[in-house]
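As a plain string of letters, each chain reads:
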Amino acid sequence: MTPADHIPPDRDARTEGLRAVFGRAWSTVVGNAEGNSGQGIPALLAVLFETEVWRPWLADALHLLSPAEQERVRRKLRTADRDELALAYALHRLVLGSFLSCDPAGIELDRDLSGRPFVHGNGLHTSLSHAHGAIAVAVSRQGFVGIDMEPAARASELPEIATSVMHSSEVDALSRLSAAGRAHALLALWLRKEALLKAAGALARPRFCRGEDGGDVRAAPASVAGQRRQRRMLEG
C-alpha cells in the first residue's frame, strides 16, 4: 500500500466532494447494517452502484485514479465508456478504502499469475464489474472472489453460444424451459459462470467452459441466504 506522503498533496482537495458523499452513503447503508447486527463489516461484501447517481462527481473520480487507471480510461473511444470506467475505478477504490480504513488514493492494486486482482501488501481479494449504467464491487477476506454484470438485453444473444460454454447437464435443464424462461435462466447461468471464472482465474477458463472439474455451476448462488454477504448502495 502506498504511503500517504507519496500522494500528491492536493489530491484530497480535488476529490473531497466524492469522498464526502461516498462516506455518507457508506455509513448509511453498510454502517447501519453493522449496527443492526452488532458485527463489523462482513468478510465477504458486494456493493452495487447506479452510474448516473454518481455522475455529478465524475471530475472528482478522475483525480482519485492511479496514472495507469487514468490511461486505461483515456483509451476508451466513447465518452460514455470513459465516464463509466472512471467512476467504476474510483468507486472501487472508495469501497476498498472503507473496507481497510485507509486512503483510497494510496491503495496499490495488483494481479496474481491468474489475473485475479488483490490489494498489494494486504492480500485482500477483490473483483470489479460494470455494464450499461451499473457498477458492482466485491471484496473478500476469505479468499478469491468474482462478480459479474451484464445488461438484461444480452439474454437474447446468449443462445447462439450456449452449447460452447455449458455443461451437458445445464443444456438438458435449460432445454425443458420455455423460450423466455430459457433466455432468463441462461443469462443468470452466464453471470454465475463469469463470476466463478473471475474467482478461479484465467488459467481455469478452458476447462470451465468445457464443463470439466466443476463446470456445472447451476448450484452456485448469487447470494447466500441467512448470511450478510451483500450490500446495496444506490444513492449518493
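Data block above holds the structure.
What counts and what doesn't
- Residues numbered from 1 in each chain as written.
- Predicted model: local features only at pLDDT ≥ 70, side-chain atom pairs only at ≥ 80, totals over all residues.
- Heavy atoms only, no water.
- Helix = DSSP H or I, 4+ residues; strand = E, 2+ residues; numbered from the N terminus.
- Buried < 20%, exposed > 50% of the residue type's maximum accessible area, 1.4 Å probe, protein only.
- Contact = heavy atoms within 4.5 Å.
- Polar contact = N/O pair within 3.5 Å; in protein donor to acceptor, adjacent residues only side chain to side chain.
- Expected span 1.5 Å × (residues − 1).
- Core = buried A, V, L, I, M, F, W, Y, C linked by side-chain atoms within 4.5 Å.
- Axes fitted to C-alpha atoms, helices over the stretch in contact; angles between N-to-C directions.
- Parallel < 35°, antiparallel > 145°, perpendicular 65-115°, else oblique.
- Left-handed = near helix turned anticlockwise from the far one by under 90°.
- Nonpolar A, V, L, I, M, F, W, Y, C, P; charged D, E, K, R; others polar.
- Phe/Tyr/Trp six-rings, centres within 6.5 Å; stacked < 30°, edge-to-face > 60°.
- Lys NZ or Arg CZ within 6 Å of the ring centre and 35° of its normal.

S.K.: Just to check I follow, could you spell out the environment of Asp112 for this structure?
M.R.: Topologically, Asp112 is positioned in the loop between strand S2 (109-111) and strand S3 (117-119). What makes Asp112 partly exposed here is its relative accessible area of 22%. Here the alpha-carbon distance between Asp112 and Gly201, two residues 89 residues apart in the chain, equals 8.8 Å. In contact with Asp112, not counting residues within four places along its chain, are Phe118 and Phe144. Polar side-chain contacts of Asp112 include one of 2.9 Å to the side chain of Arg116.

S.K.: What is the right way to read helix H6 (residues 79-100) from this model?
M.R.: In an α-helix, one turn spans 3.6 residues; hence positions three or four apart end up facing the same way. Compared with an ideal rise of 1.5 Å per residue, which puts 22 residues at 32 Å, H6 spans 32 Å between its outermost C-alpha atoms and is within 8% of the ideal. Across the 22 residues of H6, 17 count as buried, placing the element largely inside the fold.

S.K.: Can you help me understand the nonpolar core in this one?
M.R.: Generally speaking, soluble globular proteins have nonpolar side chains that are buried together. Counting residues in hydrophobic clusters, the biggest one holds 34 residues, and the most contacted among them are Phe22, Phe49, Trp54 and Val95. Contributing elements (two or more residues each) for this core: helix H2 (16-37), strand S1 (44-50), helix H4 (58-64), H6 and strand S5 (134-140). By residue number, the principal contributor to this core is H6, which donates 12 residues. With 10 residues, the next largest nonpolar core counts Ala155, Ala183, Leu186 and Trp190 among its residues.

S.K.: Just checking my understanding: could you explain the packing of helix H5 (residues 67-74) against H6 for this structure?
M.R.: In a packed pair of helices, the relevant descriptors are the angle between the two axes and the axis-to-axis distance. For the pair H5 and H6, the least separation of the axes is 8 Å and the interaxial angle reads 160°. As far as their axial angle goes, H6 and H5 are roughly antiparallel. Along this stretch, H5 crosses H6, giving a crossing that reads as right-handed. Together, Glu69, Arg72, Val73 and Arg74 of H5 and Arg82, Leu85, Ala86, Tyr89 and Arg93 of H6 make up the contact between the two elements. For the contact of H5 with H6, the class distribution of residues is four nonpolar, no polar and five charged.

S.K.: Would you mind going over the packing of aromatic side chains with me for this structure?
M.R.: Given two aromatic rings, their pairing is described by the distance between the two centres and the angle made by the two planes. Under the definition given, this model contains five aromatic pairs. Relative to Trp26, the ring of Phe22 lies with its centre 5.8 Å away and its plane at 25°, an arrangement referred to as stacked. Placement of the pair is Phe22 and Trp26 together in helix H2, with a separation of four residues, close to one helical turn. Pair check on accessibility: Phe22 and Trp26 agree, each one buried. A centroid spacing of 5.8 Å and a plane angle of 80° characterise the contact between Phe49 and Trp54, whose relative ring orientation is edge-to-face. Here Phe49 matches Trp54 in class, with each residue buried. Every member of this aromatic cluster is reached through a ring pair, and the members are Phe22, Trp26, Phe49, Trp54 and Trp57. One Lys or Arg, Arg116, reaches over the ring of Phe144 and ends 3.5 Å from the middle of that ring.

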